[in-house]
Structures are given as C-alpha cells and as structure tokens.
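Descriptive analysis of the structure
Next come the chains, spelled out residue by residue.
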Amino acid sequence: MTTRGSRSEKVKRIFQQFDVNRDGGLNREEMASLVVAVNPRVKFSDEQINAILDEVFRTYDEYINDEKGLTYDGLLRTYDDGAGDVDRDFDALELELNLDDNKGIPVGSEASSSSVMDEGAMESQKKQRIAAWAVSPNHGIVFDDTWKIVDDLEILVKRLKGKQAKDGKLKGDNFDSYSDAGWSRELGPSSEISDKRVFWEESGHDYAIFVKELGVLRSRADGARSREEAFDGHMAIGRVLYEHQLFKEALVSFKRACELQPVDVRPHFRAGNCLYVLGRCKEAKDEFLLALEAAEAAGNQWAYLLPQIYVNLGIALEGEGMILSACEYYREAAILCPTHYRALKLLGSALFGVGEYRAAVKALEEAIFMKPDYADAHCDLASALHAMGEDEKAIEVFQKAIDLKPSHVDALYNLGGLYMDLGRFQRASEMYTRVLAVWPNHWRAQLNKAVTLLGAGEAEEAKKALKEALKMTNRVELHDAISHLKQLQKKKFKGNGAANGDNAFISVELNKFKTVGERTTLRQNLADALKIRAFQRITRLTRCDVELLKKEMSENDVPVSYSGGGVPEKSVRKPNLEGILRKLLDFLKPETFQGAVKAINERILSVLDVTGSGRVDLGMFFAILAPICSGSPDKRKQIAFDALMWRPVNEGGSLIRKVDAVRYVKLLRAIYIPSNGVSELLELHGETDSSMVSFNDFLVMFNDPDWGFGVMSTLLKLEMGDRNRHENRVCSVCRYPIIGSRFKEAKSNFSLCNQCYSEGKVPPAFKKDEYTFKEYGNEAEAVKDKCMCFTMQSHKG
C-alpha cells in the first residue's frame, strides 16, 4: 500500500515535472499541461480545460500564489481530497521515485503516521474520488474496475469496425461542407461529430454479436459493488459508444445511468445529446430540461455546465422549429458565459432566422471577434447584412467564410443568391457550380444555376441545367420553369428581342387601368391581396382552421397583466406565443414552421410589440390572425370579434369598446396593407371614445372598402382560384403559365397573370393611353363569354 511518505514524494515529482519555470507554483498553463497529461484517454477543448482550472483555482484559493499559481501544498491537498489518484497519475506520467540505494526508501520522505492503510481507508479514498474534478462531467472514470470494462469495450468496437470495414458496410460521410450547428458537448469528448459522421450497419450478424457482447459488459457494470460504481460503469460505456458514434447503444447506457442516479446532471445531458443526433428532438429537449432542473437544484456544483445545457437545449428546440424559444436559451448561455462564442453564433443565427437582423449582426460580430476563423458565423453575418441591404459588405464577409472553408455550401449558395439579386448572373452561376461540385444533388442550386445562365443570355446552357434539375426532383416549379424557357425561345425566334428581359414590358400608371363589370378586381386591391396571400402561403395559416383560435381562447388560462398605460391585458412572452403557434400549426415540419414564425414575427409581432417589451396582447393577436385562417368569411369575422371580446377590457359582455374596434381595424391595415395603414395607426394615440359596439356595428367597420378590411373579398377569390390553370395560356409579359385569374385586355386581346396585372405591366407592343381588362377565373368563363359574344353578333346579323 502507499505510505503518506511515498504519496507526498510522488506528488512532489509530479509537481516538479510540470513546474517548468521552477518558480514554486503551477500557473494555469502548467496546470493545464498536468490535467492533459494525466488524462491521456480524454481529448480536452480549451473551454473544458478552462472550466477545470476555474474549479481548481476557486476550490483551493488558499493555496494559490497570485503570481506563481498552485503551490506544492495545494497540489498535495487536491490529492488528499480525492480529486485525483496519485498512483494512477504517477504511472500515467511514467515517472520514477528517486530511491536512496542504502535505505531503499524515497529521499526526503516524511514520516508516516501509519505505514499501512487498512482496507477501510482504501475504500474511503475511492469514495473521496467523487470530489472536485472527478464528480464534474469533464472528468472521466472514477473506479478502477470501470477501466477494465472500457478496455474490453474498446476491443469489441475495434473488432466490429474491422469486420464492417472489411465487408464494406461501414459508411462515412464528410460533413465539412455543411454549417456547424455549434453543438456544445459535455466536457471531454474525444471526437467531433460534425467532422466525420460514421454510419454503422446495424442489421448484420456482426452487429448482433457486438450487441450481445455489449450486454455482457453492461451486466458487469450492473454487478458492481455499489450503485455509484454501477453508475460509473454505465456512464463510461455510454461515453465510449458515443465517441464511436454508436448512438443508439450509447443512449441505452445513459438511460440506465439515469435510472441509477436520477438527479445527476450528466446522464440526462448525454442522453439528450444522443437523442438529438438520432433526430429525436422532442425527447432530447425533455432530457436537457431534466439536466437543467438537476443542475439548478444542485446549486453551484454544476454552474459551469449550465451554459452548455442552455446551448444544447436551444439547439434541440430549433430542431423542433421553436426558434424564438431557442433564442432565450442561447441568450442565457451567453449571459452566464460571455466568452462562449458558439452561444453567440447560435443566438445571432436564430435572431436572423426570426428576422431580427440588427440584433443578429451584433451577436455574430461578437462571436467573430472571439473566434476570427469561425466560418459559419461569417456566413450568417453576411446573410444578415444582405437582408439589411448592405450587399457589398455582405459579399466581403461571404468571401471571408469561403476563404476559411472553401467548400462551405451555405456560403457559396447564399453568395450565389446575392449575386443573382444584384443581376451579376455570371458570378452567381459560378457560385452555384461550386455548390454542385460539393453537393452534386443540390436541386435548388441546379435550378438557380439555370436561372442565372438564362439571365446571362446563355439559353442553351440554361436549358441543359434545367433538365439536370428535373432529373434530381420532379417538383411542379421545374415544369413551369421549362415551359417558361420554351416561351422565351419562341419569342426569340419571332425576333422580338425581349427574350432575356430587355424591354419585356412597360409599366403603366394605376389610373390607366380600367375594368369591365363589377366582378373584375381593381388593380390596387389585387396587389394588396396578393401580398396577404403570399403571407398566408409562407405561414400556412390557410391550413389552420379558424375554430382552433376559439379553442385556444377557451383552453388558455392566461393571467392578466398591465401594460405601461395601466390597461389590463392577457399578454404572453414571444416564446410562449411560439408554443401556441406550434399547436395551431402542428402539421408543419420544423423547418417550415421556422419560416412561418419568422414571417409572423416580422409582419405581426413587430407591430403588436412596437415598444420591444417581448410581450404580445394574445387577444389582439388572435383577432389579427382570424381573417387569414381557413373557414368561411363569416366565421373568420365572428372569431375576430370574439377574440377582441376575450380581452380583459371587454370580457363578460356581448359588446366591445369602439376604441378597440377602431384600433383593431387600423392594426389590420397596418400589418396587411402597410402602405396605407402606418400613418393611420399613429392617429390612435390619445383616443378616448368610451362607446361600445355590437357585432353588426363591427362588421360595418370591418367591411368598409376604404377604411376597413374590404380587401378580404379579393383575398377569398385568390384562395379559391389560385390553383386554376388556363389550359396552355401564358402571360403576355412574364411568359409563365397563367394560374389563378386571367386578365384579358378588351381591345388588344393580350392576357396578363395576377402578378403582372397587379404591377401594371403590359407588353411593349401594346402601348396605349388606356387599358380595359376583364377578369376570367377559369377557362370555362372565357369560353362562355366568347359564346355569348358570338350569340350577340348573330342576333345583330
């Protein structure tokens, strides 16, 4: 057994080994070298080392010399406290004691109070190992028997890897080209998942044998002498499996560890990591919440791990599409650990994802300041700058991201989009070509390449690119694009000269567009309705039954709060509102839901939360959504009124305050018809009308074509007809197939699609002082109208 004398001598030798400058203290750099050297199985990141050093220098503050670092007495005390195993560390460093040849004992050894430690003392020392570093998630293994299990497991994994590699079953995809999610792992991983993803063949005989042998090792862990040792065994098995990317099996081990110690942070945290990698985001989120709960309950013991829990919880929420909620946790992580550049990058990316570009730029610039070679942060910063209109600066930052990582798909693709927006088609085409070199099946890049080639005047090359895109996917927009290309080719052969967009149309003033009959939509109304319809498509609110809003109001017990003006409101924070939206739009995939939240945040929440408090009046929000959800127009208006009546200021009666009705209608206009509504909204301040209005009075205000939301009738027409195709007819301006309504000019007989009509575009060959249009919802209406004309002509004849 080890005597006190030999212990102190071993500690002294370890101390001398790492006191490189011989000043009698271990500074942070020297201490970091010691930690790495005595843990050869663990690959530490800078963040992990710093967390360990912070713990040591804080715990043993009385042994710290401000100038020199941790003294010899301090290092000895850490071992006495069980923070490490002297014998194991000494052996790991391959050091030797300087023995006196005559006496056979260590030179300079201190007298020992007991030459032999009894078994009870040894067992006590093992238990003491659960202190300081050992209990923290950055340390590896506590019990000696666990090392034996780990060694055996490494042999099993190596054997499986050899067999699968030999059979050609082991697959690895290089993910260097993709954006790194900034994934925070528990301190001390030995591999980065984003560098090289390995896919194991799990259905074969070899894998079945591996799982069976793994079960034997798990049984050994379960048969340990104590619950703590069994926990240590399962955690170690899980970590080894995780590092070899055997995530399903690792999850089994971490779940077993959770059963053994339910209030320990580590197994929940690691189980959450496994679940996320396996694509089970909701379950991952639940595990991270359990880890967070355990960490917060334990006081300061896990304080340094909290930022990582927050970050991974945010990433799991993003995986569910809950980007506003993710922002909250990234922000918490950045507050707790201001140097956590990944938390800042993720916060910036999430803010960009919800359309808050200035805040995104600030967070991303801070991340880059801390880590100048962070390619993903450069990429997202450039995207945010482009969204703000700072295109030249965005190009520079995109280029920086590409310089740092030449195969960065996101940076190349987004830079291509920026060049396309600027009309620099040749450069855009080059970017998409580089994307396809990295990701050959990227159909969007292939389609965009075709568009840019067309813009650059290379029609034949564009045609080839389109055909390649069609091989990758059979989406309807590709068929429309090919049809469009054919129309342009026909136009070119006719010698028009407008095939590539040169003088392809002339813009006509609003008052020069006249209509035939009451059923033909006015150009301005159509323009406003098309914008609302585009918003409906992005948010998918037309697939949300308006009755669900009513259900949410009846089931949501929202506490009443008071605004700055002292008015009672049922207000909620944006992340909570996002949770309500997730229920309303539960049919959406996470990435589609993210797009919906971004559009709602930019269009609606930015107006409802004009003060930036982060809270939204839920009743007003429901009332704003109601007119654009699915359901009959009468039902939509009724539920909008019910939502206003649900608000605390109106609750309990059948009437609402007129001032609320007026504010609501003006908010509708400000949000959905911003060109008309913003100035009107400003006029509301200081309004004191205390009269009440009924539902019928509300309808009169709502339906008013000039001051209400009369555009809704046009919106309904678009909703019902936007899938109508008019045989082989194409728009005379954009040359795309006409979908929805067709607007035919009465005398010149050319036809326009919804979009070109709303924008006042006409073919240059038909320049006139005035145009008269008739609208056809489908081709049957046009045929019927033509027959009536023939009948009238025959009667006249």
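Residues numbered from 1 in each chain as written. Predicted model: local features only at pLDDT ≥ 70, side-chain atom pairs only at ≥ 80, totals over all residues. Heavy atoms only, no water.

Points about helix 10 (residues 227-243)
- Counted at 1.5 Å a residue, the expected span for helix 10 with its 17 residues is 24 Å, and the 24 Å between its end C-alpha atoms agrees.
- The element helix 10 is extensively covered by neighbouring structure, given that 15 of its 17 residues are classed as buried. (Helix = DSSP H or I, 4+ residues; strand = E, 2+ residues; numbered from the N terminus. Expected span 1.5 Å × (residues − 1). Buried < 20%, exposed > 50% of the residue type's maximum accessible area, 1.4 Å probe, protein only.)

With respect to the side chain of Thr 78
- With respect to the helices, strands and loops of the structure, Thr 78 is situated in helix 4 (residues 72-80).
- For Thr 78, a relative accessible area of 2% translates into the label buried.
- Looking at Thr 78, its side chain comes within polar contact range of the main-chain oxygen of Leu 75, at 2.5 Å. (Polar contact = N/O pair within 3.5 Å; in protein donor to acceptor, adjacent residues only side chain to side chain.)

Concerning the pairing of strand 15 (residues 742-745)
- Here strand 15 pairs with strand 18 (residues 771-776) via 4 bridges, running antiparallel. Looking across to strand 18, one finds that Arg 742 is bridged to Tyr 776.
- Two elements, strand 15 and strand 16 (residues 751-752), share 2 bridges in a ladder whose sense is antiparallel. Looking at strand 16, one finds that Phe 743 is bridged to Leu 752.
- Where strand 15 folds back onto strand 16 in an antiparallel hairpin, the turn is made up of 5 residues, including Asn 749, whose phi is positive at roughly 65°. (Pairing = 2+ DSSP bridges.)

Focus on the sheet that holds strand 16
- Read across the open sheet, the 4 strands follow the order 6-18-15-16; overall the sheet is mixed. Strands at the two margins of the open sheet, each flanked by one partner only, are strand 6 (513-515) and strand 16.

Comments concerning the nonpolar core
- The biggest cluster of nonpolar side chains holds 173 residues, and the ones touching the most others in it are Phe 210, Ile 604, Phe 621, Phe 622, Tyr 664 and Tyr 672.
- In this structure, Tyr 664 is in contact with Met 620, Ala 623, Ile 624, Pro 627, Ala 640, Leu 644, Phe 698 and Phe 702, ignoring residues within four places of it in sequence.
- Core analysis: the next-biggest nonpolar cluster, separate from the first, contains 28 residues, Val 11, Ile 14, Met 31 and Val 35 among them. (Core = buried A, V, L, I, M, F, W, Y, C linked by side-chain atoms within 4.5 Å. Contact = heavy atoms within 4.5 Å.)

Examining helix 23 (residues 459-472)
- Between its first and last C-alpha atoms helix 23 spans 20 Å; for 14 residues at 1.5 Å apiece the expected length is 20 Å, and the two agree.
- Of the residues making up helix 23, those classed as buried are Ala 459, Ala 462, Ala 465, Leu 466 and Ala 469. Buried positions in helix 23, seen along its axis, are confined to an arc of 115° and lie on one side of it. Exposed and facing more than 90 degrees away from the buried side of helix 23 are Lys 464 and Lys 471. (Arc of directions from axis to C-beta.)

Notes on the pairing of strand 13 (residues 725-730)
- Note: strand 13 against strand 14 (residues 737-739), 2 bridges, orientation antiparallel. Directly across from Arg 725, in strand 14, lies its bridge partner Ile 739.
- Counted between consecutive antiparallel strands, the loop separating strand 13 from strand 14 contains 6 residues, among which Arg 735 sits at a positive phi close to 70°.

Regarding the environment of Asp 80
- By the element assignment, Asp 80 lies in helix 4.
- Asp 80 sits 73 residues away from Arg 7 along the chain, and the two C-alpha atoms are 9.3 Å apart.

Considering the UniProt feature "repeat: TPR" (unreviewed entry) in the protein
- Annotation from UniProt places "repeat: TPR" (unreviewed entry) at residues 231-264, 341-374, 375-408 and 409-442.
- Structurally, residues 231-264 is divided into 79% helix and 0% strand, and its ends, taken at the C-alpha atoms, are 10 Å apart.
- Between the end C-alpha atoms of residues 375-408 the distance is 8 Å, and the span holds 79% helix and 0% strand. (UniProt positions renumbered as here; feature names shortened; annotations may be inferred.)

Observations concerning the pattern of salt bridges
- Under the counting rule described, the total for this entry stands at 37 salt bridges.
- For Asp 152, the salt bridge identified is with Arg 220, shortest N-O distance 2.7 Å. Pair noted here: Asp 152 is in helix 8 (residues 144-167) and Arg 220 is in helix 9 (residues 205-222), with a separation of 68 residues, a long-range link.
- Look at Asp 152 and you get partly exposed, because its relative accessible area is 30%.
- Residues Arg 573 and Glu 328 are paired through a salt bridge, measuring 2.2 Å at the closest nitrogen-oxygen approach. Note that Arg 573 is positioned in strand 9 (residues 571-573) and Glu 328 in helix 15 (residues 323-336), a separation of 245 residues in sequence.
- Residues participating in the shared-partner salt-bridge network are Asp 145, Lys 148, Arg 225 and Glu 229. (Salt bridge = Lys/Arg side-chain N within 4 Å of Asp/Glu carboxyl O.)

Some thoughts on the environment of Met 388
- Mapped onto the secondary structure, Met 388 falls in the loop between helix 18 (375-387) and helix 19 (391-404).
- Separated by 31 residues in the primary sequence, Met 388 and Tyr 357 have C-alpha atoms spaced 6.8 Å apart.

Some details on the packing of helix 29 (residues 618-625) against helix 30 (residues 633-646)
- At a closest axis distance of 8 Å, the pairing of helix 29 and helix 30 adopts a crossing angle of 175°. In terms of axis orientation, helix 29 runs roughly antiparallel to helix 30. Facing Leu 618, Gly 619, Met 620, Phe 622 and Ala 623 of helix 29, the residues of helix 30 in contact are Ala 640, Ala 643, Leu 644 and Trp 646. (Axes fitted to C-alpha atoms, helices over the stretch in contact; angles between N-to-C directions. Parallel < 35°, antiparallel > 145°, perpendicular 65-115°, else oblique.)

Comments concerning the packing of helix 30 against helix 33 (residues 695-703)
- Here helix 30 crosses helix 33 at 115°, and the two axes come no closer than 11 Å. Relative to helix 33, helix 30 is oriented roughly perpendicular. Note that helix 30 runs across helix 33; the crossing there is right-handed. Along the contact surface, helix 30 presents Lys 637, Gln 638, Ala 640, Phe 641 and Leu 644, while helix 33 presents Phe 695, Phe 698, Leu 699, Phe 702 and Asn 703.
- Grouping the constituent residues of the contact of helix 30 with helix 33 by class yields 7 nonpolar, 2 polar and 1 charged. (Left-handed = near helix turned anticlockwise from the far one by under 90°. Nonpolar A, V, L, I, M, F, W, Y, C, P; charged D, E, K, R; others polar.)

Looking at the confidence of the model for the protein
- For the protein, the average pLDDT comes to 82, and 82% of its residues sit at 70 or higher.
- When pLDDT is averaged over each element of the protein, helix 19 comes out on top at 96 and helix 7 (residues 132-135) at the bottom at 34.
- Here residues 99-139 scores under 50 on pLDDT; set against residues more than four positions off or in separate chains, the count is 78 contacts.
- Confidence over residues 493-502 falls short of pLDDT 50; this stretch has 9 contacts with residues more than four positions distant or in other chains. (pLDDT = per-residue confidence, 0-100.)

Some details on the side chain of Glu 745
- Position of Glu 745 relative to the elements: it lies in strand 15.
- Here Ser 748 takes part through its backbone nitrogen, which lies 2.6 Å from a polar atom of the side chain of Glu 745.
- Of the polar contacts made by the side chain of Glu 745, one reaches the side chain of Lys 768; its length is 3.2 Å.

Quick word on a negative patch on the surface
- A cluster of acidic residues, Asp 61, Glu 62, Asp 66 and Glu 67, forms a negative patch at the surface.
- Relative to the helices and strands, Asp 61 is located in the loop between helix 3 (46-59) and strand 1 (64-65).
- With a relative accessible area of 53%, Asp 61 lands in the exposed category. (Patch = residues over 30% accessible without salt bridge, like charges linked within 9 Å, V, L, I, M, F, W, Y side chains within 5 Å. Areas by Shrake-Rupley, 256 points an atom, 1.4 Å probe, with all protein chains shown as cover. Lys, Arg positive; Asp, Glu negative; His and termini not counted. Charge placed at Lys NZ, Arg CZ, Asp CG, Glu CD.)

Some remarks on the packing of aromatic side chains
- Scanning the model with the defined rule gives 27 aromatic pairs in all.
- Centre to centre, the rings of Phe 695 and Phe 698 are 6.4 Å apart; their planes meet at 25°, and the pair counts as stacked. Remark: Phe 698 and Phe 695 occur in helix 33; sequence separation between them is 3 residues, near one turn of the helix.
- Given a relative accessible area of 21%, Phe 695 falls into the partly exposed group.
- Using a relative accessible area of 0% as the deciding quantity, one classes Phe 698 as buried.
- Consider the rings of Phe 702 and Phe 709, whose centres lie 5.7 Å apart with planes at 65°: the pair is edge-to-face. Note on accessibility: Phe 702 and Phe 709 belong to one class, buried.
- Aromatic ring contacts, followed pair by pair, group Phe 535, Phe 641, Tyr 664, Tyr 672, Phe 695, Phe 698, Phe 702 and Phe 709 into a single cluster.
- Lying over the aromatic face of Phe 513, Arg 523 brings its terminal NZ or CZ to 4.9 Å of the ring centre.
- Sitting over the ring of Phe 505, Lys 761 keeps its end group 4.5 Å from the ring centre. (Phe/Tyr/Trp six-rings, centres within 6.5 Å; stacked < 30°, edge-to-face > 60°. Lys NZ or Arg CZ within 6 Å of the ring centre and 35° of its normal.)

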